[in-house]
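Reading the structure
The residues making up each chain are set out below.
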Amino acid sequence: MAGEDGASAGAAQQKRMRLRYAGVCRACATGVPAGTTAVYEKDTRTVLCLTCAATLTHAAPADRLHEVDRTVDGIPAPPPKSPECRPPVYLDGVAGASARREHERRRQAREQRVRERHPKLGGLILALSDDPQSTTAWAAGAHGEERLGRRLDGLAGPEVRVLHDRRIPGTRANIDHLVVTRSGVYVVDAKRYRGRPQRRVEGGLLSPRTEKLLVGRRDCTRLVDGVLKQVELARQAVGDPSVALHGVLCFVEADWPLVGGDFTTRGVQVLWPKRLASRLTAAGPVSETHISTIWQRLGAAFPPA
């Protein structure tokens with residue numbers, strides 16, 4: 001980023017600048033084109049569009065968005081609409097926002113490196129070459145989270161409360177989606193992998209029994225481990241042993257069979273978006289009032305990423 005265009009925008013580490021490279025607003029996930037004046041946050045290396053920067057300056061510190069009280073009878077009211085930009089998200093979060101930001105950061109960093117090393121031919125090199133897989137993987141992941149997020153938002157209501165892209169405090173990790181329903185809390189990890197998911201059981205009589213998760217020929221067992229850790233963290237945040245916790249791996253573009261196909265491995269459900277939707281809308285013992293309480297508790301424990 002270059003071309004400082006003003007003074008600090010509310011905090012010592014925030015600068016109003018004219019962007020050299022395109023970015024994504026961390027609050028509303030709207031693209032901010034190169035050359036646009038925006039607020040650059042040095043500590044997190046993220047961008048705020050001017051509309052969100054002005055709103056957050058008058059509303060609350062950026063690192064406490066999840067604590068803003070915007071409720072009517074216990075149910076969060078929608079933020080005010082803006083003609084310039086989508087409103088900042090105070091509690092629900094934006095599906096895929098952190099993955100999209102990481103993709104943009106990596107893409108911009110590569111572009112800057114190439115142009116600095118090859119001042120005359122940098123543009124041609126970039127035009128004729130693709131981003132490395134380590135960069136495009138973030139875009140693919142963001143697309144999967146966004147696609148599932150739209151389906152979850154379509155289910156949202158008093159009995160299905162959704163949180164997207166939640167940061168795990170003290171780590172660089174995040175939880176893709178948290179959904180609170182009549183049947184409990186669902187911790188959902190969205191993946192955009194190709195191939196058919198399947199469970200493979202090894203061992204038995206003479207050796208320890210183990211379960212592996214395969215997607216095509218790819219060993220994805222570590223994904224199950226990750227979801228189990230997230231479920232335990234969510235369980236601690238809920239603090240109510242009567243509420244069921246469900247770990248879910250949702251593959252949005254996998255090769256699922258026409259009949260059946262979903263399964264459970266080590267307590268984690270492995271399925272696709274439509275099957276997940278049917279689980280989320282099932283009946284259960286959790287009341288609407290308790291759903292709202294748990295949703296707000298999770299939103300405070302895991303702020304937007």
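Residues numbered from 1 in each chain as written. Predicted model: local features only at pLDDT ≥ 70, side-chain atom pairs only at ≥ 80, totals over all residues. Heavy atoms only, no water.

Here we come to the sheet that holds strand 16 (residues 263-265). Taken in spatial order, the six strands of this open sheet run 9-10-11-15-17-16, and their pairing is mixed. Each end of this open sheet is capped by a strand with a single partner; those strands are strand 9 (160-167) and strand 16. Pairwise comparison of adjacent strand axes, ignoring direction, gives a mean angle of 30 degrees for this sheet. Alignment of strand 16 against strand 17 (residues 268-271), held across three bridges, turns out to be antiparallel. Paired with phenylalanine 263 across the two strands is valine 270, which belongs to strand 17. (Pairing = 2+ DSSP bridges. Helix = DSSP H or I, 4+ residues; strand = E, 2+ residues; numbered from the N terminus. Axes fitted to C-alpha atoms, helices over the stretch in contact; angles between N-to-C directions.)

Using the criterion set out here, one finds 16 salt bridges in the structure. Here glutamate 111 and arginine 115 are joined by a salt bridge, their closest N and O atoms 3.2 Å apart. Pair noted here: glutamate 111 and arginine 115 are both in helix 2 (residues 97-117), with a separation of four residues, about one helical turn. Among the residues examined, arginine 115 registers a relative accessible area of 40% and is labelled partly exposed. Residue aspartate 262 pairs with arginine 279 through a salt bridge whose shortest N-O separation is 2.6 Å. Of the two residues, aspartate 262 sits in the loop between strand 15 (245-251) and strand 16 while arginine 279 sits in helix 6 (residues 273-280), which places them 17 residues apart along the sequence. (Salt bridge = Lys/Arg side-chain N within 4 Å of Asp/Glu carboxyl O. Buried < 20%, exposed > 50% of the residue type's maximum accessible area, 1.4 Å probe, protein only.)

Turning to the packing of aromatic side chains, a few remarks are in order. Inspection of the entire model under this criterion finds two aromatic pairs. The interplanar angle of 50 degrees and the centroid separation of 5.8 Å between the aromatic rings of tyrosine 193 and phenylalanine 251 together place this pair among those described as tilted. Here tyrosine 193, found in the loop between strand 11 (184-191) and strand 12 (197-202), pairs with phenylalanine 251, found in strand 15; they are 58 residues apart in sequence, far enough to count as distant. When its relative accessible area of 13% is taken as the criterion, tyrosine 193 is described as buried. For the pair tryptophan 256 and tryptophan 272, a centre-to-centre distance of 4.8 Å together with 50 degrees between the ring planes defines the contact as tilted. Residue tryptophan 256 is found in the loop between strand 15 and strand 16, and its partner tryptophan 272 is found in the loop between strand 17 and helix 6; the two are separated by 16 residues along the sequence. (Phe/Tyr/Trp six-rings, centres within 6.5 Å; stacked < 30°, edge-to-face > 60°.)

Okay, a nonpolar patch on the surface next. A surface patch of nonpolar side chains, about 400 Å² in accessible area, is lined by Leu121, Leu124, Ile125 and Leu128. Along the chain, the position of isoleucine 125 falls in helix 3 (residues 122-128). Looking at isoleucine 125, the relative accessible area reads 31%, which means it is partly exposed. (Patch = residues over 30% accessible without salt bridge, like charges linked within 9 Å, V, L, I, M, F, W, Y side chains within 5 Å. Areas by Shrake-Rupley, 256 points an atom, 1.4 Å probe, with all protein chains shown as cover.)

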